[in-house]
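# Chain and residue survey
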2 protein chains.
Amino acid sequence: MMIIPPDDRGFTLGDGLFETVLAEGGRLRRLKAHLARLTSGCARLGLPAPAAEEAEALMREALVGARLENARAAVRLTLTAGSGGRGLDRPAVPTPRMVATAAPAPRPTTPARLVTASIPRNERSPASGLKTLAYVDNVLARREAQANGGDEALMLNTRGEIACAAAANLFWMEDGELVTPALDCGALAGTMRAAVIAAAPGAGLSIREAAARPEALARAEAVFLTNALIGVREVVSLDGRELRASPSVARLAAVAAQ
Amino acid sequence: MMIIPPDDRGFTLGDGLFETVLAEGGRLRRLKAHLARLTSGCARLGLPAPAAEEAEALMREALVGARLENARAAVRLTLTAGSGGRGLDRPAVPTPRMVATAAPAPRPTTPARLVTASIPRNERSPASGLKTLAYVDNVLARREAQANGGDEALMLNTRGEIACAAAANLFWMEDGELVTPALDCGALAGTMRAAVIAAAPGAGLSIREAAARPEALARAEAVFLTNALIGVREVVSLDGRELRASPSVARLAAVAAQ
């Protein structure tokens, strides 16, 4: 098993990034998009980007090691700033550390019940757009949602606009148009978010990236979550209030599953 | 050497806390205050708090293992939510993991040059008041300060008020009064911050915890940083502009060193 030394800056400071890739029958879905996001995240953090071949080899190794080549699985690739001395400063030349793990990832069979988190998402932190290892706010938001009868958190940014869910992006239908929070609202730059945006016109839907208040969800015809593992998942309630269903969700789920 | 498995939630999600304790000649300074903060942080994160004896034993072991019993050293105690499955949710009964490391910690001999960070501190996230493992914003703020000719970052909150430095609390003298950002401005609940607040009246200084704009620093008579390792460190410039020195800094440094 791979091990992490206690001076790894991913462990000590959350100084690193991760990707969670869906594997189906040994195929790593949207791998290019994941590696492109990892590369741009490395640039944002000031870390050297990994070689794509090395990253892919590690992920495949993790999949085989966990005997999940024939399963629906989540392969997680973690890249950290590597070992470092005490304190915030990286070594002059950081040597990133990369590890991969794999786990079964059955598709969720139930729709989601969202609860608005009390912790706002800091849309002006680069960590909002990136999958950094600093995910403790999301962990707490999810816990809070579960304590309040939900199964996922709706995260608003510091201006009170919708950002995303704790572990997913958010979309909804408004006046016949598909809407999702703009990236500068603090939305994670999700790979499935990008796929849905790209697929929408082909499904006969216009798409808008917007700054929106949570009240928009009460008016919406359909609200759904997306991420690499769940694909598209319908949201049936927000803070205990039922939301309106829509056939668009099923249609987009079919597109996203391609 | 202690090792961390790659499924540790501190590593994967920043789901944990740390304390950095100053050791001088084998004595762990302000240990009670550090362990009290760790305990309250655990409560905030929903994790069981460690036994004080176990935490202290680990720290002493790290100090001896690094042969630093007779040195000025930093002992870092890291507590994570332990190993967990994929995703944000903790196991039903998390088993925290605790590790300690020690490193030499010479006292800084130069005053600090602060540069204002472009990343705001999220004063409404519990992570702002706690030493969680999600420190990537601070890492980036420090890097930015260094790229701009400074050696430490001034972090403002989302309202534009002074919160703290990337790895220290901030104090200044204003109209004969000692001022420091209030905790609800996003200041870390620093052990040395608390010690300075407690020591100020004995040094003949009144103390005020406040929400303040960075302009206050330009007017201030003395600006200084505090943390467990540096004690008190004078700030000589902010964004390249010189700040006014004051004998109060030396006086408080002497008090804090006790």
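The paragraphs below set out a description of the structure included in this document. No experiment lies behind these values; they were computed from the predicted model shown.

### With respect to the pairing of strand S3 (residues 72-80) of chain A
Residues and elements named next belong to chain A. Counted residue by residue, S3 has nine buried out of nine residues, so it is predominantly covered. Neither face of S3 is open: one carries Arg72, Ala74, Arg76, Thr78 and Thr80, the other Ala73, Val75, Leu77 and Leu79, and all of them are buried. Both strand S1 (residues 16-24) and S3 contribute to a ladder of nine bridges, which runs antiparallel. The residue bridging Thr20 from the neighbouring strand is Arg76, located in S3. Across eight bridges, S3 lies against strand S4 (residues 97-104) in antiparallel orientation.

### A closer look at the interface of chain B and chain A
Note on interface size: it is often stated as the accessible area lost on association of the parts. Each partner contributes to the interface: chain B provides 56 residues, whereas chain A provides 56 residues. Both faces combined, the contact of chain B with chain A buries some 4300 Å², and carbon together with sulfur accounts for 66% of it. For chain B, the biggest contributors to the area lost against chain A are Phe11, Arg86 and Leu88 of chain B; these three give 17% of the whole. Counting the contacts that link chain B with chain A gives two salt bridges. The salt bridge involving Asp89 of chain A is made with Arg142 of chain B; its shortest N-O contact spans 2.8 Å. Put simply, the parts of the chain that give the side of chain B that touches chain A at least two residues each are helix H1 (9-13), strand S1 (16-24), helix H2 (31-45), strand S3 (72-80), strand S4 (97-104), helix H4 (126-129) and helix H5 (136-147) of chain B. Considering each element in turn, the side of chain B that touches chain A owes the most residues, eight residues, to H5 of chain B. Considering only residue class, the side of chain B that touches chain A consists of 29 nonpolar, 14 polar and 13 charged.

### Overview of the sheet that holds strand S2 (residues 27-28) of chain B
Residue and element names in this part refer to chain B. In spatial order, the strands read S2-S1-S3-S4; together these four strands make up an open sheet with antiparallel pairing. Of all the strands in the sheet, the pair left with one neighbour each is S2 and S4. Contacts from H2 reach S1, S2 and S3 within the one sheet, and its direction differs from that of S1 by about 180°.

### Notes on unusual backbone geometry
All names here are of chain B. Phi is positive for Arg30, close to 55°, though the residue is something other than glycine. With respect to the helices, strands and loops of the structure, Arg30 is situated in the loop between S2 and H2. Notably, Asp239 is not glycine yet its phi reads approximately 50°, a positive angle. Note that Asp239 resides in the loop between strand S12 (231-238) and strand S13 (241-242).

### Thoughts on the relation of the copies chain B and chain A
Note on the identical chains: chain B maps onto chain A by a rotation of 180° and an axial translation of 0.0 Å, with an RMSD of 0.0 Å. When the rotation and shift are considered jointly, the pair of chain copies conforms to a two-fold rotation axis. The fraction of interface residues of chain B whose copies in chain A are also interface residues reaches 100%, indicating that both copies meet through the same surface.

### Topic: the environment of Arg244 of chain B
All names here are of chain B. By the secondary structure assignment, Arg244 is in the loop between S13 and helix H8 (247-256). Ignoring anything within four residues of it in the chain, the contact list for Arg244 reads Arg219, Ala220, Glu221 and Ala222. Among the polar contacts made by the side chain of Arg244, one reaches the main-chain carbonyl oxygen of Arg219 at a distance of 2.8 Å.

### Section: the pattern of salt bridges
The full count for this structure, using the stated rule, is 32 salt bridges over all chains. With a closest N to O distance of 2.5 Å, Arg97 of chain B and Asp8 of chain B form a salt bridge. In this pair, Arg97 of chain B sits in strand S4 while Asp8 of chain B sits in the segment before H1, placing the two residues 89 residues apart along the sequence. Overall, Asp8 of chain B belongs to the buried group, its relative accessible area being 0%. Notably, a salt bridge pairs Arg60 of chain B with Glu56 of chain B, separated by 3.0 Å at the nearest N-O pair. In this pair, Arg60 of chain B and Glu56 of chain B are both assigned in helix H3 (residues 52-65), four residues apart and thus about one turn of the helix distant. The exposure class of Glu56 of chain B is partly exposed, given its relative accessible area of 27%. In this structure, a network of salt bridges that share partners links the residues Arg9, Asp15 and Arg90 of chain A.

### Section: the packing of aromatic side chains
Applying the stated criterion to the full structure yields four aromatic pairs over all chains. Note on Phe171 of chain B and Phe224 of chain B: the rings are 5.3 Å apart at their centroids and 5° apart in plane angle, and the pair reads as stacked. Taken together, the positions of Phe171 of chain B in strand S8 (residues 169-174) and Phe224 of chain B in strand S11 (residues 223-227) put the pair 53 residues apart, joining distant regions of the chain. For the pair Phe171 of chain B and Phe224 of chain B, a shared accessibility class is recorded, and that class is buried. Cation over ring: Arg76 of chain A sits above Phe18 of chain A, and NZ or CZ is 3.9 Å from the ring centre.

Reading the values: rules and limits
- Residues numbered from 1 in each chain as written.
- Chains lettered and ligands numbered in written order.
- Predicted model: local features only at pLDDT ≥ 70, side-chain atom pairs only at ≥ 80, totals over all residues.
- Heavy atoms only, no water.
- Buried < 20%, exposed > 50% of the residue type's maximum accessible area, 1.4 Å probe, protein only.
- Helix = DSSP H or I, 4+ residues; strand = E, 2+ residues; numbered from the N terminus.
- Pairing = 2+ DSSP bridges.
- Contact = heavy atoms within 4.5 Å.
- Buried area = accessible area lost by both parts, 1.4 Å probe.
- Salt bridge = Lys/Arg side-chain N within 4 Å of Asp/Glu carboxyl O.
- Nonpolar A, V, L, I, M, F, W, Y, C, P; charged D, E, K, R; others polar.
- Axes fitted to C-alpha atoms, helices over the stretch in contact; angles between N-to-C directions.
- Least-squares fit on C-alpha atoms with pLDDT ≥ 70 in both.
- Polar contact = N/O pair within 3.5 Å; in protein donor to acceptor, adjacent residues only side chain to side chain.
- Phe/Tyr/Trp six-rings, centres within 6.5 Å; stacked < 30°, edge-to-face > 60°.
- Lys NZ or Arg CZ within 6 Å of the ring centre and 35° of its normal.

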